[in-house]
Each structure stands twice: as C-alpha cells, then as structure tokens.
Amino acid sequence: MVLLKLEKLEPYLDDLVLLLADAVENGASIGFLPPVSEEEAKNYWLKTQDDLLSYNRQVLAIRHEDRLVGTIQIETSPKADALHRCKIEKLMVLNEVQNSGFATTLIEGAERVAASMQKQLIYLETRSEDDASHLFTKMGYVAAGEIPNYARSANGQLEATTFFYKEVEPTFETF
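Because the structure is predicted, anything quoted here is derived from the model rather than measured. Here the residue numbers are simple positions, counted from 1 along each chain's written sequence. Whole-chain, interface and lining totals are the exception, using all residues; otherwise, since this is a predicted model, local features are given only for residues with pLDDT of at least 70 and side-chain atom pairs are given and counted only at 80 or more. Values reported for side chains reflect all heavy atoms of the structure, with hydrogen atoms and water molecules removed beforehand.

(A) Representation of the pattern of salt bridges in the model. Take a side-chain nitrogen of Lys or Arg and a carboxyl oxygen of Asp or Glu: if they are within 4 Å of each other, that pair is a salt bridge. Summed over the entire model, instances satisfying the criterion amount to eleven salt bridges. Residue E173 pairs with R112 through a salt bridge whose shortest N-O separation is 2.6 Å. One end of the pair, E173, is in the segment after β7 (158-167); the other, R112, is in helix α3 (residues 102-116), and 61 residues separate them in sequence. Exposure remark for E173: the relative accessible area of 31% places this residue in the partly exposed category. Under the DSSP-based scheme used, a helix requires at least four consecutive residues in state H or I and a strand at least two consecutive residues in state E, with every element numbered from the N terminus. A 1.4 Å probe rolled over the protein chains alone gives each residue an accessible area, and that area as a share of the maximum for its type sets the label: buried under 20%, exposed over 50%, partly exposed in between.

As structure tokens, this is what we get:
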C-alpha cells in the first residue's frame with residue numbers, strides 16, 4: 001500500500017472513474033445517485049483536476065496491487081476568514097477492499113496534509129448512519145450537529161447528515 005498526493009489525475013483516470021462508480025453503486029453519500037455513467041464520472045474527475053491545478057483542492061489516493069483503491073479530497077477556500085480551515089470530501093474505498101484500514105490511512109493522510117498546509121480546523125459532513133460517520137467519530141472528530149432530511153439516498157429516501165470537525169496542529173512537514 002502506498003499513499004499518494006496526486007498532482008495530476010489523468011494518469012489515474014480509469015481507476016478514479018471505477019472508484020467513483022463503485023462507491024456510488026455501493027451506497028456512498030458523495031453527491032451522486034446510481035447509476036453513474038462512465039462519462040459522468042470522467043467529467044467529475046476532469047473538473048476536479050481543474051480545482052487541483054488551481055490549488056483549491058488536494059487529492060490523496062491509496063495505490064494497492066497496481067491500482068488505486070481509495071481516495072480522499074481536501075477542499076480549501078481562498079476567503080480571508082477561512083484560510084485556517086479546510087473540508088474533507090469524497091472519502092472512497094473500493095467495496096472489495098473495505099475494512100482493510102485504507103479509509104483510516106486516507107483520513108490520517110488528509111490530516112497530515114491539512115496540517116502541512118497550516119490548517120487548524122478540518123470539517124466535513126456525512127450521512128448520520130453511514131459507516132463513515134462512525135469512523136470519523138472513532139478518529140476523534142466531533143459531531144457539531146445533525147440536519148434531518150439533508151441527503152437523498154439511492155432509494156429516494158431523505159436522510160440526516162452529521163457535520164463533524166477536528167482541530168489539528170499546523171506543522172512544517174512536507175507531504
């Protein structure tokens with residue numbers, strides 16, 4: 001297993017498209033509803049590439065057995081009052097390798113990158129009853145509150161979302 005900070009997404013585009021489709025098909029709450037077409041997934045990653053190149057986003061990935069099996073994103077804001085914080089988004093791990101520690105490694109990597117970017121606060125949102133919600137709690141994230149009927153699931157049902165945060169100590173580590 002190798003944790004990567006991706007500078008360009010194109011070399012990994014096929015793996016990223018597969019990863020996004022797999023996550024959505026297996027119920028991940030990442031802004032898409034199934035089915036996700038290959039074109040839709042590819043367009044998403046190409047737009048993400050634009051954000052990456054403009055330094056508004058960082059993308060970390062785990063490479064395992066010659067393919068990407070997981071990703072996480074860090075979104076930053078150029079607003080003067082938000083330079084100390086960032087948002088974690090789109091934690092995805094291939095369904096076939098879940099429960100192997102990859103999600104934990106991705107979250108820890110995102111925390112290290114955020115700290116190296118001099119961020120002091122990480123926040124995120126996830127459906128309240130998802131496995132991710134329990135994982136973030138286990139990893140020391142604090143639930144700030146819950147909004148009912150915030151996200152629509154694949155079956156059309158509206159579900160609650162919990163907003164989390166975690167304070168981190170800025171570092172001078174290079175990642």
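So much for the structure itself; the text now carries on.
(B) Geometry of the packing of aromatic side chains. Planes of paired rings set the category: under 30 degrees apart is stacked, over 60 is edge-to-face and the rest tilted, where pairs are Phe, Tyr or Trp rings (Trp by its six-membered ring) whose centres lie within 6.5 Å. Scanning the entire structure with this criterion turns up five aromatic pairs. Note on F32 and Y44: the rings are 5.4 Å apart at their centroids and 90° apart in plane angle, and the pair reads as edge-to-face. Of this pair, F32 sits in the loop between α1 (13-25) and α2 (38-53) while Y44 sits in helix α2; the two residues are twelve residues apart in sequence, bridging distant segments of the chain. Both residues of the pair, F32 and Y44, count as buried. Between F136 and Y141, the ring centres sit 5.2 Å apart and the planes meet at 80°, which makes this aromatic pair edge-to-face. Ring-pair connections join several aromatic residues into one group, and the members of that group are F32, Y44 and W45.

(C) Structural context of α1. A helix is expected to reach a length of 1.5 Å times the quantity of its residues less one. Here α1 is 13 residues long and its end C-alpha atoms lie 18 Å apart, about the 18 Å a rise of 1.5 Å per residue gives. Buried within α1 are the following residues: L13, L16, V17, L19, L20, D22, A23 and V24. Residue contacts are counted whenever heavy atoms from the two residues lie within 4.5 Å of one another. Against α2, β3 (67-76) and β4 (85-93) lie the buried residues of α1. Of the residues flanking the end of α1, it is G27, one or two places downstream, whose phi is positive at about 90°.

(D) Inspection of the nonpolar core at higher detail. Side-chain atoms within 4.5 Å are what join buried Ala, Val, Leu, Ile, Met, Phe, Trp, Tyr and Cys residues into a set we call a nonpolar core. Ranked by internal contacts, the top residues of the largest apolar core, which has 46 residues, are L20, W45, I72, I88, I107 and Y141. Residue assignment for this core shows that the elements contributing at least two residues are α1, α2, β2 (57-64), β3, β4, α3, β5 (121-127) and α4 (131-138). For I107, the residues in contact, after removing those within four places along its chain, are I72, L91, L135, F136, M139 and Y141.

(E) Summary view of the packing of α1 against α2. Axis definition: a line fit to C-alpha positions, over the contact stretch in the case of helices; interaxial angles, taken between N-to-C directions, run 0 to 180 degrees. Viewed as axis vectors pointing N to C, α1 and α2 meet at an angle of 115°, and their least axial separation amounts to 9 Å. Note on packing geometry: the crossing formed by α1 with α2 is right-handed. From α1, L13, L16, V17 and L20 reach across to α2, where they touch E38, A41, K42, Y44, W45 and L46. Of the residues contributing to the contact of α1 with α2, the split by class is eight nonpolar, no polar and two charged. Crossing handedness: left-handed means the near helix sits turned counterclockwise from the far one by under a right angle, and right-handed means the same turn made clockwise. All amino acids are sorted into three groups, where Ala, Val, Leu, Ile, Met, Phe, Trp, Tyr, Cys and Pro are nonpolar, Asp, Glu, Lys and Arg are charged, and the leftover types, Gly among them, are polar.

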